[in-house]
Amino acid sequence: MFFYYLIIYFAIDEIDPTKINFTRHIVSGLVIGLLFGLINGLLEVLIFNKRIKRLKFGYTVILKTIFFVLAFISTVILFILIKSSLLTPIGLFEVAKANEITEFFGSSVFYKHGLYAILFSFAINFLLQIDTKMGKKVLFNLFFGKFHNPTMQERVIMFLDLTSSTTIAEKIGDYKYSAFLKDFFYDLDEAINNNKGSVYQYVGDEVVVIWDLNSAVENNHCIKSYYEALASIKNNDYIKEYGIYPQFKAGIHFGPVVI
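Everything numeric here is computed off the predicted structure, so don't read it as measured data.

## Digging into the nonpolar core
- In this structure, Tyr177, Phe180, Phe184, Leu188 and Phe248 are the most contacted members of the largest nonpolar core, which totals 28 residues.
- Elements represented by at least two residues in this core include exactly strand S1 (152-162), helix H7 (165-172), helix H8 (174-194), strand S3 (206-212), helix H10 (221-234) and helix H11 (238-242).
- With 8 residues, the single largest contributor to this core is H8.
- Sequence-distant contacts of Leu188, defined by excluding residues within four places in its chain, comprise Leu160, Val207, Ala229, Ile233 and Phe248.
- Counting 18 residues, the second largest nonpolar core, distinct from the first, contains Ile32, Phe48, Phe93 and Phe105.

## Here we look at H7
- Here H7 has its buried residues at Ser165, Ile168, Ala169 and Ile172. Relative to the axis of H7, the buried residues are bounded by an arc of 100° and lie together on one face. Within H7, the exposed residues directed more than 90 degrees away from the buried face are Thr166, Thr167, Glu170 and Lys171.
- Each element contacted by the buried residues of H7 is listed here: S1, H8 and H11.
- Directly after H7, the chain includes Gly173, whose backbone phi takes a positive value near 95°.

## Overview of the packing of aromatic side chains
- Overall, the coordinates contain 12 aromatic pairs when judged by the stated rule.
- Measuring from centroid to centroid gives 6.5 Å for Tyr177 and Phe180, while their planes differ by 25°, and the two rings are stacked. Highlighted residues: Tyr177 and Phe180, both in helix H8, separated by 3 residues, approximately one helical turn. Across the pair, Phe180 and Tyr177 agree in class, each one buried.

## Digging into the environment of Ala229
- Here Ala229 shows up in helix H10.
- Overall, the relative accessible area of 2% leaves Ala229 in the buried class.
- When residues no more than four places from it in sequence are discounted, the contact partners of Ala229 are Leu188, Ala191 and Phe248.

## Observations concerning the packing of H7 against H8
- Put simply, H7 and H8 touch, their axes get as near as 7 Å, and they point 130° apart. Comparing their axes, H8 and H7 come out oblique. Note that H7 runs across H8; the crossing there is right-handed. Facing Ser165, Ile168, Ala169 and Ile172 of H7, the residues of H8 in contact are Asp174, Lys176, Tyr177 and Phe180.

Cut-off values and rules
Residues numbered from 1 in each chain as written. Predicted model: local features only at pLDDT ≥ 70, side-chain atom pairs only at ≥ 80, totals over all residues. Heavy atoms only, no water. Core = buried A, V, L, I, M, F, W, Y, C linked by side-chain atoms within 4.5 Å. Buried < 20%, exposed > 50% of the residue type's maximum accessible area, 1.4 Å probe, protein only. Helix = DSSP H or I, 4+ residues; strand = E, 2+ residues; numbered from the N terminus. Contact = heavy atoms within 4.5 Å. Arc of directions from axis to C-beta. Phe/Tyr/Trp six-rings, centres within 6.5 Å; stacked < 30°, edge-to-face > 60°. Axes fitted to C-alpha atoms, helices over the stretch in contact; angles between N-to-C directions. Parallel < 35°, antiparallel > 145°, perpendicular 65-115°, else oblique. Left-handed = near helix turned anticlockwise from the far one by under 90°.

What follows is the structure, encoded as structure tokens:
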């Protein structure tokens, strides 16, 4: 928002810059950005992180964009209230009109800012979803060419394997087994992400997880992820849905690998 307000101030010629108070303009950008970031952060932690994680890719992006737009509207209302109660008394802003909120939402400025918020939110959410699907930092590393040439690095690698997968598939059938495996991977993924791991690949019923050394040993993340996965799966009613409970084993290895 700070960057956006700078663009408006210096680059957009729809308002006479001599009529704009630069300090007020930049303070507005910083306060709105802070409020917008806090609201979106709370949404991410309290709602997006768990509630809509299993929706389809497109649905997730669209739903998050809608929430971001609602967050933008909430941000504008909060900013006007904060401006009136806190920033105006210290002289940063002039006394606002009684119906400032109503007037703002009926103005062209709101729709221009709103369009920016929608497009920016959609772009950010689209990239975040791709990053989540590919694995944390994979998109970033691909963009900056970290995988272009082989490099030797130290990694902690976990091979986590579903027990008796063939027996399970024969017992519950192909369709249910596929859904069973999907739910199993989702539960594992949450425990892995919480402990700074990245899924390198899925191999049938096996998950290969990697950590860089610092992330793996910090608070024993590479070990805790296994026990968090156990706890996560125990909290889900697999017996009711599939008539069987997933059990798994894992091995952890450490050493130099070529990436």
